[in-house]
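Inside the fold
Each chain, written out:
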Amino acid sequence: MSRDVLVAGVGMIPFTKPGANLPYPQMAAQATQAALTDAGIGYEHMQQAYVGYVYGDSTAGQRALYEVGMTGIPVINVNNNCSTGSTALFLARQAVASGAADCVLALGFEHMSPGALGAVFTDRPSPFDRFDEATDELVGHGEIPLALRYFGGAGLAHMQQYGTRLETFAAIRAKASRHAANNPLALFRKEVTTEEVMASPMLWDGVLTRLMACPPTCGAAAAVICSDAFAQKHGLNRSVRIKAQAMTTDKPVTFEARDMREVVGFSMARDAAQQVYAQAGIGPQDVDVVELHDCFAQNELITYEALGLCPEGGAEKFVLDGDNTYGGQVVTNPSGGLLSKGHPLGATGLAQCTELVQQLRGQAGARQVNDARLALQHNLGLGGACVVTLYERV
């Protein structure tokens, strides 16, 4: 029998550009301590820990947590590309829901290098080889870094099918900047206009400008996950629970559809969202606030459709009508998203969790979504994994 699972504490540190960061053990320890302080509980109460990072050697999770305490608990290292942090959260929730543990830590961190992402192990098959082959065939442009071709190609497919304009992606980036202006933890807090996004350097002519891409960053975030009974016993905050959660991986359609939107996980995201809505007995129209994986403005736009926030082909109207921000249908990325906070891969999913828990508690200050009761999180990793989580204010 599955038990109610609460998020008793959350914490993150401000993300920084590579080179401006502390070493990963210090970043991770600070985020962990922030989550423990928020929960009002000590590390000695943690019965397990799931620690996510992408760029690091094995057992870096232990090295990070040994800064906080050495209590002998199981520490499980998690690596699932850009969905690493939410995969750690998924495992932590499973442990508590199943009764395997009563109180668990989910932690994510990343110590990144400047520039475009690339392979570390070049002497063996890449987990992306099939994705790269599909991208070469569908969009070409081998001179452009692959990450830009993945998501730029997905945006281009939407433009070609529905007539979506480049200015619409720019408007998403401008919206992110307006939200981030109210977030002291965002790396980029300067507001930019749609016109300024369009005028930024063109990374792929007619398809993608620099401001439409998130920057590599370093940082850490954490959450304390526990059962309702544990929270009651220890007097912890019981106001936010994980109402539903799903994790999906690729199906044959990823490559068989011959569509860059599928290569970057459209169906993975749609399937995970539908599972979550079914578990919770709600529809997308019931959601008040969303943190979704906007590694590129293009991915934010196609994710609106994957999550059912608007019909397929309806994303441009959704943006132009202002339905993705305050006063519209649903506030998306009130934190400013990856476009403004940056994207330290292992930390991103738990930073999204932190934002949504604060929204549901009414602790989000100037970016607070009024009367938020249901919050949806979408975190995507190519190669592939997608985690969708629904939080509820109890």
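Preceding this paragraph is the structure being described.
Anyway, here's the lowdown on the structure attached to this text. The residue numbering used here restarts from 1 in each chain and proceeds along that chain's sequence as written. Note on the predicted model: pLDDT of at least 70 is required for a residue's local features to be given, and 80 or more for side-chain atom pairs to be given and counted; whole-chain, interface and lining totals, by contrast, use all residues. Neither water nor hydrogens contribute to the side-chain values; these are computed over all heavy atoms in the structure.

1. Side note on the overall build of the protein chain
When helices and strands are counted, the protein chain shows 15 helices and twelve strands. Taking 21 Å as the expected radius of gyration for a compact globule of 394 residues, we find that the protein chain reaches 20 Å, a close match to that expectation. Dimensions of the protein chain, computed from C-alpha atoms along their principal axes, come out at roughly 55 × 50 × 40 Å. Partitioning the intrachain contacts of the protein chain with sequence separation of at least 6 by distance along the chain shows that 78% fall at a separation of at least 24. Comment: elements are numbered from the N terminus, with helices defined as DSSP H or I runs of at least four residues and strands as E runs of at least two. Only C-alpha atoms enter the radius of gyration, while the globule expectation follows 2.2 Å times N to the 0.38, with N the number of residues. Two residues qualify as a contact provided that any one of their heavy atoms is within 4.5 Å of a heavy atom in the partner residue.

2. What about helix H5 (residues 146–162)?
Taking 1.5 Å of rise per residue, the 17 residues of H5 would be expected to cover 24 Å, and the 24 Å separating its terminal C-alpha atoms lies within 8% of that figure. For H5, the tally of buried residues reaches twelve of 17 residues, placing the bulk of the element in the interior. Looking only at H5, the buried set comprises Leu 148, Arg 149, Tyr 150, Phe 151, Gly 152, Gly 153, Ala 154, Gly 155, Leu 156, Ala 157, His 158 and Met 159. Looking at the residues trailing H5, positive phi occurs at Gly 163, about 75°. Expected span of a helix, by definition, is 1.5 Å for each gap between consecutive residues, and there is one gap fewer than residues. The rule is simple: take the accessible area with a 1.4 Å probe, protein chains only, and divide by the maximum for that residue type; under 20% is buried, over 50% is exposed, in between is partly exposed.

3. Details of unusual backbone geometry
Cis geometry marks the peptide bond from Gly 383 to Gly 384; its omega dihedral reads 0°. Position of Gly 384 relative to the elements: it lies in the loop between strand S11 (374–381) and strand S12 (385–393). One non-glycine residue with positive phi stands out, namely Asn 81, at about 55°. Residue classification places Asn 81 among the buried residues on the basis of a relative accessible area of 16%. For His 141, which is not a glycine, the phi torsion comes out positive at approximately 55°. Note on His 141: relative accessible area 35%, which makes it partly exposed.

4. Regarding the nonpolar core
Judged by nonpolar contacts, the single largest core of 65 residues is most densely connected at Tyr 304, Leu 307, Leu 376 and Leu 390. A total of eight residues in this core trace back to one element, the largest contributor, which is helix H11 (residues 266–280). Here, nonpolar core refers to any group of buried Ala, Val, Leu, Ile, Met, Phe, Trp, Tyr and Cys residues whose side-chain atoms link them within 4.5 Å.

5. What about the state of the cysteines?
The disulfide criterion is simple: two cysteine sulfur atoms within 2.5 Å. Inspection of the entire model under this criterion finds zero disulfides. Of the cysteine sulfurs around Cys 214, a residue in no disulfide, the closest is that of Cys 295, at 5.8 Å. Free of any disulfide, Cys 310 has its nearest neighbouring cysteine sulfur in Cys 386, separated by 16 Å.

6. Regarding the environment of Val 330
Structurally, Val 330 is set in the loop between helix H13 (315–320) and strand S10 (331–332). Given the relative accessible area of 2%, Val 330 is considered buried. The spacing of Val 330 and Ser 58 is 272 residues in sequence and 40 Å in space, taken between C-alpha atoms. For Val 330, the residues in contact, after removing those within four places along its chain, are Val 287, Asp 288, Val 289, Val 290, Leu 309, Phe 318, Asp 323, Asn 324 and Thr 325.

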